[in-house]
Structure formats: structure tokens, C-alpha cells
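Chain by chain, the residues:
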Amino acid sequence: MATPAPAPSLRLLLLLLPLLAVAGALSHPAHEFCAVGGDAAGCGGGGDGTRILIKGGTVVNAHRAEEADVYIEDGVVVAVRPNIPVGADNVRVIDATGKYVMPGGIDPHTHLEMEFMGTVTIDDFFSGHAAALAGGTTMHIDFVIPVNGNLTAGLESYKHKAAKAAMDYGFHMAITKWNDEVAREMEVMVKEHGINSFKFFMAYKGSLMVTDDLLLQGLQKCKSLGALAMVHAENGDAVAEGQQRMIDLGITGPEGHALSRPPILEGEATARAIRLAKFINTPLYVVHVMSIDAMDEIAKAKREGQRVIGEPVVSGLVLDDSWLWDPDFTIASKYVMSPPIREAGHGKALQAALSSGILQLVGTDHCTFNSTQKAFGSDDFRKIPNGVNGLEERMHIIWDSMVETGKISVTDYVRVTSTECAKIFNIFPRKGAILEGSDADIIILNPERSFVMGAHTHHSRSNTNVYEGRKGKGMVEITISRGRVVWEDGILNLAPGSGRYVMMPPFGYIFDGIEKSDAIYRASLRAPVQRGKAGA
Ligand code: URP
Ligand code: ZN
Ligand code: ZN
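Position numbers for residues count from 1 along each chain, tracking the sequence in the order it is written. Chain A is the first chain written and ligand 1 is the first ligand written, with later ones labelled in order. Owing to the predicted nature of the model, reporting of local features is limited to residues with pLDDT of at least 70; listing and counting of side-chain atom pairs is limited to 80 or more, with chain, interface and lining totals taken over all residues. The side-chain values count all of the structure's non-hydrogen atoms but skip hydrogen atoms and water molecules.

1. Some remarks on the overall build of the protein chain
Item 1. Helix numbering and strand numbering both begin at the N terminus, where a helix is a DSSP run of H or I of at least 4 residues and a strand a DSSP run of E of at least 2. From N to C terminus, the protein chain includes 16 helices and 19 strands.
Item 2. Radius of gyration means the value over C-alpha atoms here, while the globule rule gives 2.2 Å times the residue count to the 0.38 power. Relative to the 2.2 N^0.38 estimate, which gives 24 Å for 536 residues, the radius of gyration of the protein chain is 23 Å and therefore close to what a compact globule would have.
Item 3. The principal-axis extents of the C-alpha atoms in the protein chain amount to approximately 95 × 55 × 45 Å.
Item 4. Remark: exposure states derive from per-residue accessible area (1.4 Å probe, protein chains only) relative to the maximum for the residue type, with buried under 20%, exposed over 50%, and partly exposed in between. Here the protein chain holds 536 residues, and 60% of them are scored as buried.
Item 5. Across the protein chain, contacts joining residues at least 24 apart in sequence account for 78% of those joining residues at least 6 apart.
Item 6. All accessible-area figures derive from a Shrake-Rupley calculation using a 1.4 Å probe, and residue coverage is judged against the displayed protein chains alone. With the model as given, the accessible surface of the protein chain reaches about 20100 Å², and the carbon-plus-sulfur share is 54%.
Item 7. Neither His nor the chain ends is counted toward charge; the positive residues are Lys and Arg and the negative residues Asp and Glu. For this purpose, a charge sits on NZ of Lys, CZ of Arg, CG of Asp or CD of Glu. Of note, the protein chain has its 51 positive side-chain charges centred 6 Å away from the centre of its 62 negative side-chain charges. Contact criterion: two residues are considered in contact whenever any of their non-hydrogen atoms come within 4.5 Å of each other.

Structure, rendered in C-alpha cells:
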């Protein structure tokens, strides 16, 4: 997607060397980065980087699109209105005529530098951020994995990983075991560390998977803290059975992955999680909805008034499982993720659900492994690390497949890629909007330009890309992260360590009124019934 760029600045290249060494198996060339401030020839940035006036574009928020200028100072949007005069000298003026000026994407679901299935995801908080910013995403929420069940140790480890962050990020936290200490730590995470969501894996038996008992305790605790419970919904016990069934049939290749965990197992777990959340009366967020089966359960619950949020991911919206049958293991294995990418038909149905509001926002589940890591499972699909890329591709693919085809409006594009995420995780309108006072996380998209995706031009450290060769229309030409131009003319202008941690407060809008429905429930019980002593 990126166009070739001039020579990188030495400073950033030096910074990148150890990172590139880790990705030794890569075949694509090192990418070009400018130093902060754009000191190398051809590097963008402009002015002092703190005052920018974007003129003549169509400013799109989730609630409306308007012809307006945007003035940014010190990382914050100061004014949004037509015909803002240029004023002072040290203002960089960007001409956005014929282009869309939109909030930067917020990806609700990523796994950077995550230890998983005996290895570590290849993109960390620097290369992942490079990929994100080149693709128009200016914030993401990553999943902290506890260390031996300990949340504090998990958070410490992720703080360390995120020290090289080049854009804003927040954290969800996984819950992998249960005891009083975990319950206490959840409270500390919410009240002191700005984490307002916890994920429960109903799959990955023997590692991350939780029991229904734990899920119930967790849902109850989440409710009391005003934190959103998230689920990876697959029946992990049945998946283990399905995997053994495939091995017994002699099916050891990547196709065995899809065959061992069919949509019915995703539908079952989604239904179970929804019912348990209803029993507790707390909101539920279902991550990576990959099948019609799961989506139907969410639609049914919503029809009945339950507070359920469904998150499809880009891979589930636009790919199908035929790749898993590719005779080349390197190609087939790169599509292995869980729940699996489904057979043709599911993606289109998920797109329709997204456009009609049954599903609310799009993530990526960016969880990249290179071909060497994927080859750990060359004799046994159960050992192929699960995960695909998407952080760099999400904004372009959703624009091309849904806006360009007329399935959603430009305002809905902003809603599903940015605003909805900011609202759900309670950071709107600081994020997810171009309004006075919002963080200046902004993209400028040219609807007339086209893109081609692939491992030779992407910024992820992986040597493969599940969207290899994909072409489309709509190009993010400029990305502004907190008031600084970080992507322009195919060049990244990154500052490792400049990314800020975004605290996310509890009791977002989705909790409003829960206490009223609890009171109505209690009043409806007509119990305890006052009775005389039996036999008296
Ligand atoms: O295959 C996937 N989805 N890998 C990342 C871990 C998860 O389940 O989200
Ligand atoms: Zn998951
Ligand atoms: Zn995930």
C-alpha cells in the first residue's frame, strides 16, 4: 500500500535495527521512516508540527458530514467551521479539497507482542503502530494477558512492552483464573489503571479457557465495577473433541483447523455467554464475531432488548475459508485464526449485520505470526499459532468494501471504525470525533486513489499478509496523531515512546439504567413469601 520512499533517517534506522533483526525471516525490504520533525529530505511534518489548518475538505463525524476547515493546535482540535482564516505564519496549511477529513481509526482488538501458543506475535508496540498509522488507525486497545493469572504482573509486563508506543493505546485485560485476589485486582485495574473491560476466553482449553463458573463470577464482578465483559465465544471442550476427530481422520493440515471448530460451536458459546450475561443483567461484548450462527444469537438478544455488542473483524468480513485448503502450507497456514474464517456467505451476512446495526464496530484481532512461526504446525494444525494481520488494512478494506459499494454511508464508516469504539469504551468525544476539544487524531482520505496490499509494502514485521494482492479504492494520504503529521506521501514520521496510554473510565453509557432494571426485577419476584411455620 505504501509508495516507495526516499532514504530513511539514520537515527530511526538505528532504532529499528534490533527490531528488524528479530524479524530475521522477513523477505520484504526495511521500511522508510523519517525522524521526528521531518529532518530528512522529503520527510513530512510541516511547520512546527503543532499548528495545522486543514482546509476545504469534507469533515465527517458519525453524526454528520459537512464542508469545513479544521484548526489544530497542540494536539487538540480548536475549531471546526467553514472558512477559517490562515492567521499566524507558523501554521501548516493542508489542502483537503475533494477529500474526506475523518477521525483516525480506533481498533478495539489487537494483540501486540503477545505470548501465545509457544511463541510471541511478531508485531510489537512499535511495528504495530507503524502499520496502524500508515493505515489510518490512530488508537487501539490491546489485551493484557495476566502472568500466571496475576493481573498486576500482566499490566507491568504490558507497560514495559508499550514503552516504545508511537500512538495512543488503551488496555483490556484477560481473566484466566479466579480467586479473591483476582477479584481484588480487577477493582484496582478499573479504579487505578483505567481498564474498563475484561475478556474471558471460552476456548483455548488448557491455556486461556475459563469455565462457566469463572465466567459467572467474572460477569458479576464486571457488573459491580461498571466494566464491560468481553468473550471469545467458542465451546473449547467441543473444539478439543473436534480437533481429535480430525487427527483421527488423518487430517493434520490447516483445513483441519476450520473443520474442527465449525460455526455451531461459535453459536453455542455466543448463546451461552449471552444467557449468562442476561442472568447477571450486565452488558456483554462479543469479540470477533465470525459466523452467521453467532451473529444470529446477538440479533435475537438485541431484539429482546439485551445489551449485547457484536464486533466483527476485517478478516471475517471479507475473506473466506477456501484459503485453508490451499496446497501450499505457507499460504494456507497464514489464514489460521480462531474462531476460523468461515465459508463464503458468512462474510457478506456479517457485512449486512454491520450496516444494519446488529453488529456495531469493526476490529482486526491483529495477531501476526510470520511464516516461520506458522510452520510450527506444519505436521499438526493444532500447533499453528492462531492469528492474522489487519491493523494496517482495516480502514482501507472497510472503505473499499462497504463505502465504495454503497453498503454504508461515510458517516457510518466513521461510526463503525472509530466513534462507536470511543463511546463503548467511554473515551468519547476526546476520541472518535473531530469536535472542538477532541484529540487531533485525524485522517485525510482521497476517495479517488487506489491501493494494492501486500507483505512487500506493509509495515507489519510479518513476511506474509492475508490480503496479499488485494486492490481497492480510497487511500489514507495523511494521518495526524495528536496534532502531528505522522504519515504523508508514503512516509512515516514516528516518535517511538510518544504514544500515550489512554485511561478508560468505568460505567460507560451501556451501563446507564441497569440499576433500574435490577430494581424492577427485584420488585417482580413477589418473594420471599411470608408464611406461618410449617406444621404449627
Ligand atoms: O486467532 C486469534 N484470534 N488469535 C488471537 C487470540 C484471540 O483469540 O483473540
Ligand atoms: Zn479471541
Ligand atoms: Zn483476539
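2. Focus on the coordination of the zinc ion (ligand 3)
Perfect tetrahedral coordination of a metal by four donors corresponds to 109.5 degrees between them, and perfect octahedral coordination by six donors corresponds to 90 or 180 degrees.
Item 1. The rule for donors is simple: N, O or S, within 2.8 Å of the metal, or within 3.2 Å if the metal is Na, K or Ca. Water isn't counted, so a site may look like it is missing partners. Distances from the zinc ion (ligand 3) to its protein donors, H109 (NE2), H111 (NE2) and D365 (OD), fall within 1.9 to 2.1 Å.
Item 2. One can describe the donor arrangement at the zinc ion (ligand 3) as irregular, given that its 4 donor atoms subtend angles of 88 to 138° at the metal.
Item 3. Read N to C, the donor residues that coordinate the zinc ion (ligand 3) are spaced as H-x1-H-x253-D.
Item 4. Distance-wise, the zinc ion (ligand 2) is placed 3.8 Å from the zinc ion (ligand 3). Summarising the burial analysis for this pair, H109 and H111 share the class buried. Irregular is the label for any site that misses the other tests, which are tetrahedral for four donors with all angles between 85 and 135 degrees, and square planar for four donors or octahedral for six when opposite donors exceed 155 degrees and the remaining angles lie between 65 and 115.

3. Some remarks on the environment of V486
Item 1. Following the sequence through the fold, V486 ends up in strand β18 (residues 484-488).
Item 2. Classification of V486 as buried rests on a relative accessible area of 2%.
Item 3. Sequence separation between V486 and N465 is 21 residues; the distance between their C-alpha atoms is 23 Å.
Item 4. Residues within four places of V486 in sequence aside, it is in contact with L133, T479, S481, I491, L492, N493 and L494.

4. Focus: the site of ligand 1
Item 1. Whether a residue is near a molecule or strand is decided by its heavy atoms; if any one of them lies within 4 Å of it, the residue is near. As a structural note, the neighbourhood of ligand 1 is formed by 14 residues, with H111, Y204, H232, S338 and D365 the closest of them.
Item 2. Here a polar contact is taken to be a pair of N or O atoms separated by no more than 3.5 Å, where protein atoms must pair a possible hydrogen donor with a possible acceptor and residues adjacent in sequence count only if both atoms sit in side chains. The contact in question runs from an oxygen atom of ligand 1 to an N or O atom on the side chain of H111, over 3.1 Å.
Item 3. With respect to ligand 1, the backbone of N386 contributes an N or O atom lying 3.1 Å from a nitrogen atom.
Item 4. Contact with the protein chains hides 100% of the accessible area of ligand 1, taken as 260 Å² for the molecule alone.
Item 5. Under this grouping Gly is polar, as are all residues other than the nonpolar Ala, Val, Leu, Ile, Met, Phe, Trp, Tyr, Cys and Pro and the charged Asp, Glu, Lys and Arg. Of the residues in the shell around ligand 1, the class split is 5 nonpolar, 7 polar and 2 charged.

5. Notes on the confidence of the model for the protein chain
Item 1. Residues of the protein chain with pLDDT of at least 70 account for 91%, and the chain-wide mean is 92.
Item 2. Confidence drops under a pLDDT of 50 for residues 1-48, and excluding neighbours within four residues, the segment shows 97 contacts in the predicted structure. pLDDT is defined as a per-residue confidence score from the predictor, taking values between 0 and 100.

6. A look at the pairing of strand β16 (residues 442-452)
Item 1. Looking at chain direction, strand β6 (residues 100-103) and β16 are connected through 4 bridges and run antiparallel. Following the sheet pairing, Y100 is matched in β16 by L445.
Item 2. In the sheet, β16 pairs with strand β17 (residues 471-481) via 8 bridges, with the strands oriented antiparallel. Looking at the pairing, I443 lines up with T479 of β17. Any two strands with at least two DSSP bridges between them are considered paired.

7. Overview of unusual backbone geometry
What you tend to see is this: most non-glycine residues have negative phi, and most peptide bonds are trans.
Item 1. F428 connects to P429 through a cis peptide bond whose omega is 5°.
Item 2. Note that P429 resides in the loop between α15 (410-424) and β16.
Item 3. Of note, the bond from A527 into P528 is cis; its omega dihedral lies within 30 degrees of zero at 5°.
Item 4. Looking at the element boundaries, P528 is found in the segment after α16 (514-524).
Item 5. Phi is positive for N281, which is not a glycine, with a value near 60°.

8. Describing the environment of G357
Item 1. Structurally, G357 can be placed in the loop between α12 (346-355) and α13 (371-374).
Item 2. Sequence-wise, G357 and I145 are 212 residues apart; in three dimensions their C-alpha atoms are separated by 30 Å.

9. Considerations on the UniProt feature "domain: Amidohydrolase-related" (unreviewed entry) in the protein chain
Item 1. UniProt positions are given in the numbering used here, feature names are shortened, and annotations may be inferred rather than shown by experiment. According to UniProt, the "domain: Amidohydrolase-related" (unreviewed entry) feature falls on residues 100-486.
Item 2. Overall, residues 100-486 shows 37% helix and 18% strand. The separation of its end C-alpha atoms is 17 Å.

10. With respect to the packing of aromatic side chains
Item 1. Any Phe, Tyr or Trp ring, taking Trp's six-membered ring, that has another such ring centre within 6.5 Å forms a pair; planes under 30 degrees apart are called stacked, those over 60 apart edge-to-face, and the others tilted. Summed over all chains, the structure comprises 13 aromatic pairs.
Item 2. Here Y169 and F171 contribute two aromatic rings whose centre-to-centre distance is 5.5 Å and whose plane-to-plane angle is 55°, an arrangement assigned as tilted. Comparing Y169 with F171, the two get one shared label, buried.
Item 3. Members of the aromatic cluster, each reached through a chain of ring pairs, are F125, Y158, Y169, F171 and Y501.
Item 4. Just above the ring of F428 sits the side chain of K423; from NZ or CZ to the centre is 4.8 Å. Only when the NZ atom of a Lys or the CZ atom of an Arg is both within 6 Å of the ring centre and within 35 degrees of the ring normal do we say a charge sits over the ring.

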